[in-house]
Amino acid sequence: MEKFDIKKVKVHRTASGTIFEMAFVLTALIVWGLIIWLVHQAPDIVPTHFDGSGKPNAYGSPVGVTIPCIIITIVAIGCMVVAYFPRYINMPVGIENIRQVGLVITSVRVVGITLLLMALAIAYTMLGMSSPHAFPILAVVGLLLLEIIVFTILIHKAK
């Protein structure tokens, strides 16, 4: 029996992939619509950095808050693109069969959509809250960690 080689895997368009991509685009449009709305509603000076206790310790323009949101959105788009090239996805579990590849691809797509929520959480924390605290950001980070743990377990069990 031939050893499985992830470098030979070709990913083609599927119905589930198209659904993920449509969900991604819809989520991106909603998230960026809300971010733009928050920027226009924000005061001229907003908190841009928080100390360890969650208190603001730096302030700046609301437009400056969009910079990390743009970077995170680019990374999220990268996740959706790299789903078509699973050999470039680094997982803590050895990939030994095609079922695992399918789970890896789904994992990356779910993380991509969740990263869009991270951009919204950052914008909402800095622009939309009357008394900013880190809960929205920490909630999305927790969700990302949970997704990674669950998918890693599922990929490991799919051997």
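Just above, that's the structure.
Residue indices follow the written sequence of each chain, beginning from 1 at its first position. Under the rules for a predicted model, residues below a pLDDT of 70 receive no local features and side-chain atom pairs below 80 are neither given nor counted, while totals for whole chains, interfaces and linings still include all residues. Neither water nor hydrogens contribute to the side-chain values; these are computed over all heavy atoms in the structure.

## Considering the overall build of the protein chain
For the protein chain, the helix and strand inventory stands at four helices and two strands. Written out in order from the N terminus, the α and β elements of the protein chain read α-β-β-α-α-α. Each of the three principal axes of the protein chain carries a C-alpha extent, and together these read 65 × 30 × 20 Å. Contacts are residue-level and defined by heavy atoms, with any inter-residue pair within 4.5 Å sufficient. Across the protein chain, contacts joining residues at least 24 apart in sequence account for 69% of those joining residues at least 6 apart. Shrake-Rupley sampling with a 1.4 Å probe provides the accessible areas, and residues are treated as covered by the protein chains on show and by no other component. For the protein chain, the exposed area adds up to about 9400 Å²; of that, 71% sits on carbon and sulfur atoms. As used throughout, the charge tally considers Lys and Arg to be positive and Asp and Glu to be negative, leaving His and the chain termini uncounted. To locate a charge, take atom NZ for lysine, CZ for arginine, CG for aspartate or CD for glutamate. Charge-centre separation for the protein chain: the mean point of 11 positive side chains lies 10 Å from the mean point of 7 negative side chains. Only DSSP runs of H or I covering at least 4 residues are called helices, and only runs of E covering at least 2 are called strands; the numbering of each starts at the N terminus.

## Notes on the packing of aromatic side chains
Geometry of aromatic contacts follows a simple scheme: Phe, Tyr and Trp rings, the Trp one being its six-membered ring, pair when their centres are within 6.5 Å, and the pair is stacked under 30 degrees between planes, edge-to-face over 60, tilted otherwise. This model, assessed by the stated rule, comprises zero aromatic pairs. Lysine and arginine charges are scored as sitting over a ring when NZ or CZ, respectively, is within 6 Å of the ring centre and within 35 degrees of the ring normal. Sitting above the plane of the Tyr84 ring, Arg109 keeps its charged end 5.3 Å from the centroid.

## Digging into the side chain of Glu21
Following the sequence through the fold, Glu21 ends up in helix α1 (residues 15-41). N or O atoms within 3.5 Å of each other form a polar contact, as long as, within protein, one can give a hydrogen and the other can take it, and as long as residues adjacent in sequence are counted only when both atoms are side-chain atoms. Among the polar contacts made by the side chain of Glu21, one reaches the side chain of Arg13 at a distance of 2.6 Å.

## Focus on the packing of helix α2 (residues 62-82) against helix α3 (residues 98-128)
Lines fitted to C-alpha atoms define the axes here, with helix axes fitted over just the stretch in contact, and angles between the N-to-C directions of these axes take values from 0 to 180 degrees. One can describe the packing of α2 onto α3 by two numbers: an axis separation of 8 Å at closest approach and a directional angle of 175°. Looking at the two axes, α2 sits roughly antiparallel to α3. Across from Pro62, Val65, Pro68, Cys69, Ile72, Thr73, Val75, Ala76, Cys79, Met80 and Val82 in α2, the residues of α3 making contact are Val108, Arg109, Val111, Gly112, Leu115, Leu116, Met118, Ala119, Ile122, Ala123, Met126 and Leu127. Think of it as three bins: nonpolar holds Ala, Val, Leu, Ile, Met, Phe, Trp, Tyr, Cys and Pro, charged holds Asp, Glu, Lys and Arg, and polar takes everything else, Gly as well. Considered class by class, the residues forming the contact of α2 with α3 number 20 nonpolar, two polar and one charged. Our angle categories are set so that under 35 degrees counts as roughly parallel, over 145 as roughly antiparallel, 65 to 115 as roughly perpendicular, and the remainder as oblique.

## Side note on the pairing of strand β1 (residues 46-50)
Bridge analysis of β1 against strand β2 (residues 56-60) gives four bridges, and the strand direction is antiparallel. Looking at β2, one finds that His49 is bridged to Ala58. Two strands are said to pair when DSSP picks up at least two bridges between them. Hairpin geometry of β1 and β2 is characterised by an intervening segment of five residues between the two adjacent antiparallel strands and by a positive phi of about 90° at Gly54.

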